[in-house]
Amino acid sequence: MDLYTGYWQIELDEVDREKTAFVTSEGLYEFKVMPFGLYVYRTSRENCCVLRCIQEDGLILNPKKCLFGAKEIQILGHLVSGEGKKPDPDKIKAVQDFPTPKNIQDVKSFLGLGSYYRRFIKDFCHRARPLQVLLKNNSKFIWTELQEEAFGDIKSALISEPILGLFDETAPTELYTLTQVDMELVPC
């Protein structure tokens, strides 16, 4: 669902306003109303309750941006369904059609696209390192077999079909943490 005129209709609780803070040359500002999107995924019965609450509070939905009963939605470059989240096929096509970089700007563009989907690619940072080396200050653009392999590897990983599953609150969950002594920091 999408509210008409954005989310400017929903007032933020005073204690939550600091979470929206931003800095300009004029000073620090905080939103008094919700400036960002709100995604609601519920069952049909729950949707009725949500719609009733929206109506009772005098909020207005933007019908052009509302979608009800969909099994899958496209949002912010992703497809989201009951199975999980995966990259949008249109973006995958853009990756497939991405030409071999010919200069630093091409590398930046490719890494920007790839980085947006990095959560779908195991060890993205390490896989992208040969490309990132080209972006260091005073580096000359020299495309070697190492860069070609990294480019092909990331491209291949981006166009394969992984799905990030939705968190199952009822499943057993284990949390692993590292102490600072155990951690090796790798710049990306």
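Above this text sits the structure in question.
Cut-offs applied
Residues numbered from 1 in each chain as written. Predicted model: local features only at pLDDT ≥ 70, side-chain atom pairs only at ≥ 80, totals over all residues. Heavy atoms only, no water. Helix = DSSP H or I, 4+ residues; strand = E, 2+ residues; numbered from the N terminus. Buried < 20%, exposed > 50% of the residue type's maximum accessible area, 1.4 Å probe, protein only. Contact = heavy atoms within 4.5 Å. Areas by Shrake-Rupley, 256 points an atom, 1.4 Å probe, with all protein chains shown as cover. Pairing = 2+ DSSP bridges. Axes fitted to C-alpha atoms, helices over the stretch in contact; angles between N-to-C directions. Parallel < 35°, antiparallel > 145°, perpendicular 65-115°, else oblique. Left-handed = near helix turned anticlockwise from the far one by under 90°. Nonpolar A, V, L, I, M, F, W, Y, C, P; charged D, E, K, R; others polar. Salt bridge = Lys/Arg side-chain N within 4 Å of Asp/Glu carboxyl O.

Student: Requested: an account of the overall build of the chain, with residues and values cited.
Tutor: Counting its regular elements, the chain contains 5 helices and 5 strands. In the chain, buried positions account for 27% of the 188 residues. Taking the intrachain contacts of the chain between residues at least 6 apart in sequence as the baseline, contacts between residues at least 24 apart amount to 56%. As displayed, the chain offers around 14,100 Å² of accessible surface, 54% of which is attributable to carbon and sulfur atoms.

Student: Could you give an account of the environment of Asp13, with specific residues and numbers?
Tutor: Mapped onto the elements, Asp13 comes out in the segment before strand 1 (22-24). Counting along the chain gives 19 residues from Asp13 to Lys32, while the straight-line C-alpha distance between them is 7.9 Å.

Student: Give me the lowdown on the side chain of His78, citing residues and values where you can.
Tutor: Looking at the secondary structure, you find His78 in strand 4 (residues 78-81). His78 has contacts with Ile73, Lys85, Lys86, Pro87, Asp88, Tyr116, Tyr117, Arg119 and Phe120, leaving out every residue within four places of it along the chain.

Student: Please give an account of the pairing of strand 5 (residues 84-87) that cites residues and values.
Tutor: Sheet faces and side chains relate simply in a regular strand, where the side chains alternate between the two faces. Alignment of strand 4 against strand 5, held across 4 bridges, turns out to be antiparallel. Bridging across to strand 5, His78 finds its partner in Pro87.

Student: For the packing of helix 2 (residues 89-96) against helix 5 (residues 145-159), give the residues involved together with the corresponding values.
Tutor: For any two helices packed against each other, one specifies the inter-axial angle together with the distance between the axes. Between helix 2 and helix 5, the least distance of the axes is 9 Å, while the angle of their chain directions is 160 degrees. The angle between the axes of helix 2 and helix 5 places the two elements in the roughly antiparallel class. Along this stretch, helix 2 crosses helix 5, giving a crossing that reads as left-handed. For the pair helix 2 and helix 5, contact is made by Ile92, Val95 and Gln96 and by Lys155, Leu158 and Ile159, respectively. Among the residues making up the contact of helix 2 with helix 5, the classes are represented as 4 nonpolar, 1 polar and 1 charged.

Student: Explain the sheet that holds strand 5 to me, and be specific about the residues and the numbers.
Tutor: Pairing is antiparallel across the open sheet formed by 3 strands, whose spatial order is 3-4-5. The open sheet has two edge strands with one neighbour each: strand 3 (72-75) and strand 5. Within this sheet the neighbouring strands show an average axis-to-axis angle of 25 degrees, counted without direction. With 4 bridges joining them, strand 3 and strand 4 adopt antiparallel strand pairing. Within strand 4, the residue paired with Glu72 across the bridge is Ser81.

Student: Tell me what's going on with the pattern of salt bridges, and back it up with residues and numbers.
Tutor: When charged atoms on two side chains of opposite charge get close, those side chains can pair. Considering all chains together, one arrives at 3 salt bridges under this definition. Lys93 serves as the salt-bridge partner of Asp97, at 2.7 Å between the closest nitrogen and oxygen. Taking relative accessible area as the criterion, Asp97 reaches 47% and is therefore assigned partly exposed. Here Lys122 makes a salt bridge to Asp123, at a shortest N to O gap of 4.0 Å.

Student: Tell me about the environment of Ala128, residues and numbers included.
Tutor: Turning to its location among the elements, Ala128 is positioned in helix 4 (residues 124-132). Accessibility expressed as a relative area gives 0% for Ala128, which makes it buried. Taking the C-alpha atoms as reference, Ala128 lies 7.2 Å from Ile154; in sequence the two are 26 residues apart. Once residues lying within four places of it in the same chain are set aside, the contact partners of Ala128 are Leu111 and Ile154.

Student: Describe unusual backbone geometry, listing the residues and the values that go with them.
Tutor: In this structure, Asp123 takes a positive phi of about 60 degrees despite not being glycine. Structurally, the position occupied by Asp123 is in the loop between helix 3 (104-116) and helix 4. On the basis of relative accessible area, Asp123 is assigned to the partly exposed category, the value being 43%.

Student: Break down the packing of helix 3 against helix 4 for me, citing the residues and quoting the values.
Tutor: In contact at an axis separation of 11 Å, helix 3 and helix 4 are set at 175 degrees when each is read in the N-to-C sense. Classified by the angle their axes make, helix 3 and helix 4 are roughly antiparallel. For the pair helix 3 and helix 4, the contacting residues are Val107, Phe110, Leu111, Gly114 and Ser115 in the first and Phe124, Ala128, Leu131 and Gln132 in the second. When grouped by side-chain class, the residues that make up the contact of helix 3 with helix 4 number 6 nonpolar, 3 polar and no charged.

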